Structures are given as structure tokens and as C-alpha cells.
Amino acid sequence: MTVVGGANSAGQAALSLAAHGAAVDLIVRGVELGARMSSYLADRIRTHSRIRLHTGNMVRELAGDGTLASIVVERPDGRQDRLACRALFCFIGADPVSSWPAGLAKDDDGFVLTDSRLPTRSSGTPLPFETSAPRVFAVGDLRSGSTKRVASAVGDGAGAVSSVHAALASD
Ligand SMILES: Cc1cc2nc3c(=O)[nH]c(=O)nc-3n(C[C@H](O)[C@H](O)[C@H](O)COP(=O)(O)OP(=O)(O)OC[C@H]3O[C@@H](n4cnc5c(N)ncnc54)[C@H](O)[C@@H]3O)c2cc1C
């Protein structure tokens, strides 16, 4: 099996598959595994007997007849090698699902702008986590600039509740 990606999601996936007995090829575009992955994951991956680490590599081709059978990876020196592969898991980034709250101000990647990130607006200073629409709040991964972690999302939510109380008190 092949996992593509160099950050924590890819590292967790590779270790999880290997823990269930799979031989895993981990394809990382960057040259240094620890650049974007927590060291607790990178250290386990480097020493795991069922994970083959391919840093500085890029997937160039998927091949198969009906189902996936192999991939072609480009090595750091430009050489291309074919690896057997029956399943490929891709962890190369996430896009926010933010088209539905149309009209909210967003950053260039589609994450919702709140409070200090908003352009100055005429209707007063926004409350923490308040969006460009007064009384609409955004928290967690969807919020522009948030740390994409569970604890951060939970903290954002608790903070937004305070803002809701402040908004209600001011009405
Ligand atoms: C593979 C992976 C591994 C991770 N590992 C860790 C980790 O080890 N530790 C850690 O702290 N963080 C980890 N994270 C990050 C963590 O999962 C997120 O930061 C966290 O879940 C963000 O919470 P959230 O509530 O903002 O968003 P989400 O958890 O994404 O929740 C958003 C919810 O909104 C729903 N939704 C979307 N649109 C609509 C709509 N129109 N109407 C109704 N519902 C809608 C979605 O279905 C989803 O259920 C990981 C993420 C991934 C992808």
C-alpha cells in the first residue's frame, strides 16, 4: 500500500496501516521527513520494519487494468521507478467546505475571516470569532488562521460562546 504526504495525517495513516500488517510505501515530496511531521511520528516511521520511506519523491503515474496495480515515482535525481501498489492513500492537504456560507469574507484559500482578520467594517468592532456578518461566528478548522487541531477547535468554540453572551447582553 502507498501513502502520499509528509505531514501528520500521512504519518498517522502509514503507521496505522503498518500496524495492521500492511507493507507501506510512504512517498514524501520534501527531502526531510521531520520538516512538517511531528517527531513522535517521524521517529517511529524511520524505524518501522514495514514502512519504506521515499523522501524527495513524487508520484508521476498510476497504472492498472480496472484496479490500481502500480505507480511510478520520480526520485530526487529525476530517475523514475515503478512500484507495485494496490491501494493509494493521499494526504496532501485539505480544502475548507466553505462555499455554503456565501457572502462571508474569506481568505484566498476559502477559510472564513473573523475579528482582527476582517477588513475594517462600518458597524463597530467585531467580537472574537465574529465573521463579516454581524452575529455570525466561525470556529475551528474553517476559521482563517486557526491552528488545525482538535484542542484549538474546542477552545475556539468555548471562546465563541462568550462572544454570543456578549452579543446577547448588548442587544
Ligand atoms: C487524518 C487527520 C488526522 C488528524 N489528527 C489529529 C490529531 O492527532 N490531533 C489533533 O488535535 N488534530 C488532528 N487532526 C485535525 C482535527 O481533526 C481538526 O483540527 C478538528 O477536527 C477540527 O474540528 P472542526 O470542528 O473545526 O472541524 P471538523 O472536525 O472538520 O468538523 C466539521 C463538521 O462540519 C460538517 N459540515 C460541513 N459542512 C456542513 C454543512 N453545510 N452543514 C452541516 N454540517 C457540515 C462536517 O461534516 C464535519 O462533521 C487531524 C485531521 C485529519 C484529517
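Residues numbered from 1 in each chain as written. Predicted model: local features only at pLDDT ≥ 70, side-chain atom pairs only at ≥ 80, totals over all residues. Heavy atoms only, no water.

An unreviewed UniProt entry lists the chain under the name Thioredoxin reductase, with Nonomuraea jabiensis given as the organism. Of the comments in the UniProt record for the chain, the one headed Catalytic activity (unreviewed entry) reads "[thioredoxin]-dithiol + NADP(+) = [thioredoxin]-disulfide + NADPH + H(+)". (UniProt positions renumbered as here; feature names shortened; annotations may be inferred.)

So, on to the packing of aromatic side chains. With the rule as written, the count across this model stands at 0 aromatic pairs. Lying over the aromatic face of F111, K148 brings its terminal NZ or CZ to 4.4 Å of the ring centre. (Phe/Tyr/Trp six-rings, centres within 6.5 Å; stacked < 30°, edge-to-face > 60°. Lys NZ or Arg CZ within 6 Å of the ring centre and 35° of its normal.)

Here we take up the site of the ligand. Surrounding the ligand, one finds S9, Q12, W100, G140, D141, K148, R149, V150 and A153. Q12 has a polar side-chain atom sitting 3.0 Å from an oxygen atom of the ligand. The side chain of W100 places a nitrogen or oxygen atom 3.5 Å from a nitrogen atom of the ligand. In isolation the ligand exposes 1,000 Å². Once the protein is present, 39% of that is buried. For the shell around the ligand, the secondary structure elements donating two or more residues are α1 (8-19) and α3 (150-170). For the shell around the ligand, the residue count by class is 3 nonpolar, 3 polar and 3 charged. (Near = heavy atom within 4 Å. Polar contact = N/O pair within 3.5 Å; in protein donor to acceptor, adjacent residues only side chain to side chain. Areas by Shrake-Rupley, 256 points an atom, 1.4 Å probe, with all protein chains shown as cover. Helix = DSSP H or I, 4+ residues; strand = E, 2+ residues; numbered from the N terminus. Nonpolar A, V, L, I, M, F, W, Y, C, P; charged D, E, K, R; others polar.)

Further remarks concern the sheet that holds strand β4 (residues 58-65). Pairing within the open sheet is antiparallel, and its 3 strands lie in the order β4-β5-β6. Pairing within the sheet leaves two strands with one partner each, and these edge strands are β4 and β6 (80-84). Averaged over all neighbouring strand pairs, the angle between strand axes comes to 25°, with direction disregarded. Across 7 bridges, the pairing between β4 and strand β5 (residues 67-74) is antiparallel. Paired with M58 across the bridge in β5 is E74. (Pairing = 2+ DSSP bridges. Axes fitted to C-alpha atoms, helices over the stretch in contact; angles between N-to-C directions.)

With that settled, the discussion passes to the nonpolar core. One broad rule of soluble globular proteins: the nonpolar side chains tend to lie buried together. In this structure, V3, V24, L26, L33, I45 and I51 are the most contacted members of the largest nonpolar core, which totals 17 residues. Counting only elements with at least two residues in this core, the list comes to α1, β2 (24-28) and α2 (39-47). Residue contributions to this core peak at 6 residues, all from α1. With 6 residues, the next largest nonpolar core counts I27, V73, L83 and C85 among its residues. (Core = buried A, V, L, I, M, F, W, Y, C linked by side-chain atoms within 4.5 Å. Buried < 20%, exposed > 50% of the residue type's maximum accessible area, 1.4 Å probe, protein only.)

A word on the domain arrangement of the chain. Parsing the chain into structural domains produces domain 1 (2-90) and domain 2 (115-170). For domain 1 versus domain 2, the distance between C-alpha centres works out to 38 Å. (Domains from an automatic or database assignment.)

Attention shifts here to a nonpolar patch on the surface. A cluster of nonpolar side chains, namely M1, F89 and F91, defines an oily patch on the protein surface of about 240 Å² accessible area. With respect to the secondary-structure elements, M1 resides in the segment before β1 (2-4). Note on M1: relative accessible area 36%, which makes it partly exposed. (Patch = residues over 30% accessible without salt bridge, like charges linked within 9 Å, V, L, I, M, F, W, Y side chains within 5 Å. Salt bridge = Lys/Arg side-chain N within 4 Å of Asp/Glu carboxyl O.)

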